[in-house]
Amino acid sequence: MSEYTVNDTLNALAAASKGLSARKDEINRLNVFPVPDGDTGTNMSLTLESVIGNVARVPIGAPSADIYKAITTGALMGARGNSGVITSQILRGLCEGCAECSTFDTAALDTAFARAQEVAFQAVRKPVEGTILTVLRDIASAAKQAHKKRLSLDDALEFVVGEAYASVQRTPEFLPVLKENNVVDAGGYGLAILVDGFVAALMGKEGELKDEFAFARTDAPKVEIELINDWEGSEFRYCTEFLVHSDSVDVDAAREFLPTMGDCDLMVGMHPNFKVHVHSNRPDQVLQWFLTHDSQISEVHIHNMQLQSAERADKLASEQASQEAECKPYGFVAVASGAGNAKILKSLGVDVVVSGGQTMNPSTKDLLDSIASINAERVIVLPNNSNIVMAAQSACELADIPCGVVPTKTVPQAFSALFGFNEGCDLSTNLESMTEAFSDVKTGEVTYAVKDSRDAHGNPIASGDVIGIADGSIEAVGSDIDQVVMALLDAMGAEEADTLTLLAGEDFSDDAAATLVALIEEKYEDIEVESHRGEQPLYPVVFSVE
């Protein structure tokens, strides 16, 4: 039976993460919803990158318990979107299963994937067949069969990989939308790629295993710039740092030159690579000297220490003032893209607006840090996207203060939810009333299709078409934004509504918005229309009707 060390498995995990990142666009293209989300592959790869970064900080030779903790913490804190959150739970289960076993053999493989299945399914309130969870279940079943058949560990690992891809191929049998678009499930495919990459690296299929953590554990070849704390009292303004690449630069001459340009001068390294640091008022002349002395430069960082000092002082003063301020009963965190949407949310009482949405889902850690930054007794989170709800729930579970999620899927829903808040009520009551407040809000979103597809009624969609989405369902298709908005309003039964709130995207001009409002008011005379600059990317128009 093959024997693998902890270092072997960690290197294999790092290699698998790299492989997943390299193929994230391939996974993203499997998304069957033709809007520019591009999420599954990106979210899974970012989650794994967070794991690798966290594990790299664990000292070499650390106990297995510390490594498992680093994996699970890194996965959870870096989890983005539903696929990332589920992936984090799979990794958590694998670690918990491995912790129960003294050796890594087929019994451990069975135990680990059985636990991963249990934990991941517990994380999803309504598991759907034909998704990443189905593939995970089939992988766990394959691991159990391999153990019962008493396969060698290497044969068991290869058997699991084969069953993972076979399960992916079966996903269209469970989800009609996959079969209709002739694709497999993106999340399941991502999981199969991850498992395949791990096994391939572990078994050395592509050559001898190398230390994939070397880059993460050291500063080379990219230089990390340390925080500047020494401007005060210095006569020199600019902290200048860069790499020098040269086989022939005169090191003694360079070290004599640097003090003439300032202080705190350093030149370390050896031919052909050096690191240079100096505080100077003329960084241009410092760089020019090396450029004219047979050298190439890279990774140039020039910091204005005077401005940094002022900014730091302002930040510290602001933080101190925030700490000294009276702790308020409630705080709010909301996710949104677009400066206009952020401005509106803050005007309605939101303390922190986390940048994100369809094009980039914030991680659990992003949301947790935002919660922690608010001086409040309890915090309510409005995710404003269905793909962020699970990360928001994870953040609330990890927070040090009572928190809750109002499961808004759009920014307009958040507007209505905030009007349902009552500071005099407890957290549970507010979560219930705020959720009820947006329950009748219908949201329309207009964007451009990024690939050929079909709408909710089976009509064809061509890449580049303008599409109208009503609460997640594609109800209108056309070549003109105004035309699609009007068709979408008709499909949403706007004649029954009293108010309409329109958010203009960053590429939708004021004139275009005014023209559209006029069309709406002409057709729907009884609707009160409010138009705002949302400045959201990719979606020229987002609106709600109530």
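Conventions we followed
- Each chain has its residues counted from 1, following the order in which its sequence is written.
- Where local features are concerned, this predicted model is filtered to residues with pLDDT of at least 70; where side-chain atom pairs are given and counted, the filter is 80 or more; whole-chain, interface and lining totals use all residues.
- Hydrogens and water molecules were not included; the side-chain quantities draw on all heavy atoms of the structure.
- Strands are runs of DSSP state E lasting at least 2 residues, helices are runs of H or I lasting at least 4, and numbering of each runs from the N terminus.
- When accessible area is computed with a 1.4 Å probe and restricted to protein chains, residues below 20% of their type maximum are described as buried, those above 50% as exposed, and intermediate ones as partly exposed.
- Pairs of residues are marked as contacts when any of their non-hydrogen atoms sit within 4.5 Å.
- Calculation of accessible area relied on Shrake-Rupley with a 1.4 Å probe; when residues are assessed, cover is drawn exclusively from the protein chains displayed.
- One speaks of a salt bridge when a side-chain nitrogen belonging to Lys or Arg is within 4 Å of a carboxyl oxygen belonging to Asp or Glu.
- Only strands joined by at least two bridges in the DSSP assignment are considered to pair.
- All axes are obtained by fitting lines to C-alpha atoms, using only the stretch in contact for helices, and the reported angles, taken between N-to-C directions, cover 0 to 180 degrees.
- Each angle gets one of four labels, with under 35 degrees taken as roughly parallel, over 145 as roughly antiparallel, 65 to 115 as roughly perpendicular, and the rest as oblique.
- The handedness criterion is simple: a crossing whose near helix is rotated anticlockwise from the far helix by less than a right angle is left-handed, and one whose near helix is rotated clockwise is right-handed.
- Looking at any residue, its pLDDT shows the predictor's confidence there, from 0 to 100.
- Polar here means any residue outside two lists: the nonpolar Ala, Val, Leu, Ile, Met, Phe, Trp, Tyr, Cys and Pro, and the charged Asp, Glu, Lys and Arg; Gly therefore counts as polar.
- For Phe, Tyr and Trp, rings pair up if their centres lie within 6.5 Å, where Trp contributes its six-membered ring, and each pair is then called stacked (planes under 30 degrees apart), edge-to-face (over 60) or tilted (otherwise).
- As a reminder, the over-ring test applies to NZ of lysine and CZ of arginine, requiring each to be within 6 Å of the ring centre and within 35 degrees of the ring normal.

Let us now look at the overall build of the protein. Summing up its helical and strand segments, the protein has 21 helices and 16 strands in all. Buried positions account for 49% of the 546 residues belonging to the protein. Of the contacts made within the protein by residues no fewer than 6 positions apart, 69% connect residues no fewer than 24 positions apart. Surface accessibility of the protein: about 25900 Å² in total, with carbon and sulfur atoms responsible for 50%.

Another point: the pattern of salt bridges. This structure, assessed with the given rule, holds 13 salt bridges. For the salt bridge of Glu96 with Arg92, the shortest nitrogen-to-oxygen distance reads 2.9 Å. Of this pair, Glu96 and Arg92 both sit in helix α5 (residues 81-99), four residues apart, roughly one helical turn. Between Asp138 and Arg170 there is a salt bridge, and its shortest N-O distance comes to 3.1 Å. In this pair, Asp138 is assigned in helix α7 (residues 132-148) and Arg170 in helix α8 (residues 153-174), connecting sequence segments 32 residues apart. Several salt bridges converge on common partners, so that one network encompasses Arg92, Glu96, Arg115 and Glu118.

Buried residues dominate strand β16 (residues 541-545), accounting for five of its five residues. Every second residue of β16 is oriented toward a common face, with Val541, Phe543 and Val545 on one face and Val542 and Ser544 on the other, all of them buried. Judged from the five bridges that link them, strand β9 (residues 442-448) and β16 form a sheet pairing that is antiparallel. Pairing of Thr443 across the sheet is with Ser544, part of β16. Sheet topology note: the strand β14 (residues 499-504)/β16 ladder contains five bridges and is antiparallel. Bridge pairing in β16 places Leu500 opposite Val545.

Quick look at the packing of α5 against α7 now. The geometry of α5 relative to α7 is characterised by a closest axis approach of 11 Å and an angle of 20° between their N-to-C directions. One way to sum up the angle between α5 and α7 is to call them roughly parallel. Crossing of α5 over α7 shows right-handed handedness. Each of Ile86, Thr87 and Ile90 in α5 lies in contact with α7, whose residues at this interface are Ile132, Leu133 and Leu136.

All right, on to the sheet that holds strand β8 (residues 403-405) then. Strand order across the open sheet formed by four strands is β6-β5-β7-β8, with parallel pairing between neighbours. If you trace the sheet from one side to the other, it starts and ends with β6 (352-355) and β8, each paired once. When strand polarity is set aside, the average angle formed by the axes of neighbouring strands in this sheet is 20°. As paired strands, strand β5 (residues 328-336) and β6 are joined by four bridges and run parallel to one another. Opposite Val333, over in β6, you have Val352 as the bridge partner. Most of the contacts of helix α17 (residues 389-398) go to β8, to which it runs at about 170°, and overall it touches β7 (376-382) and β8.

Attention now goes to the confidence of the model for the protein. Chain-level pLDDT for the protein is 88 on average; 89% of the residues reach the 70-or-more range. When mean pLDDT is compared element by element in the protein, β8 scores highest at 98, while helix α11 (residues 214-217) scores lowest at 45. Here residues 214-233 is a poorly scored stretch, pLDDT under 50, and it has 31 contacts once near neighbours within four places are set aside; other chains count.

Let us look at the packing of helix α3 (residues 40-56) against helix α10 (residues 186-202). Relative orientation of the contacting elements α3 and α10 amounts to 40°, with a least axis distance of 9 Å. Looking at the two axes, α3 sits oblique to α10. Our pair here, α3 against α10, has a crossing hand that is right-handed. Contact with α3, carried on its side by Thr40, Met44 and Leu48, involves Ala186, Gly187, Gly190, Leu191 and Leu194 of α10 and no other residues of that element. Across the contact of α3 with α10, the residue classes tally to five nonpolar, three polar and no charged.

Moving on to the packing of aromatic side chains. Scanning the model with the defined rule gives five aromatic pairs in all. Here the aromatic rings of Trp289 and Phe290 are separated by 4.9 Å at their centres, their planes lie at 75°, and the arrangement is edge-to-face. Considered together, Trp289 and Phe290 belong to a single accessibility category, that of buried residues. Geometrically, the ring pair formed by Tyr330 and Phe421 is edge-to-face, given 4.9 Å between the ring centres and 80° between the ring planes. One end of the pair, Tyr330, is in strand β5; the other, Phe421, is in the loop between α18 (411-419) and α19 (427-437), with 91 residues separating them in the sequence. Members of the aromatic cluster, connected to one another through ring pairs, are Phe242, Phe257, Trp289 and Phe290. A cation over a ring is seen here: Arg378 above Tyr330, with NZ or CZ 4.8 Å from the ring centre.

Turning our eyes to something else, we now look at helix α15 (residues 339-347). Each α-helix turn comprises 3.6 residues. Residues three or four places apart therefore point the same way. Along α15, the residues classified as buried are Gly340, Asn341, Ala342, Ile344 and Leu345. Tucked into the core, α15 has its buried residues touching β5, β6, α18, β14 and β15 (528-533). Once α15 ends, the next one or two residues include Gly349, with phi positive near 110°.

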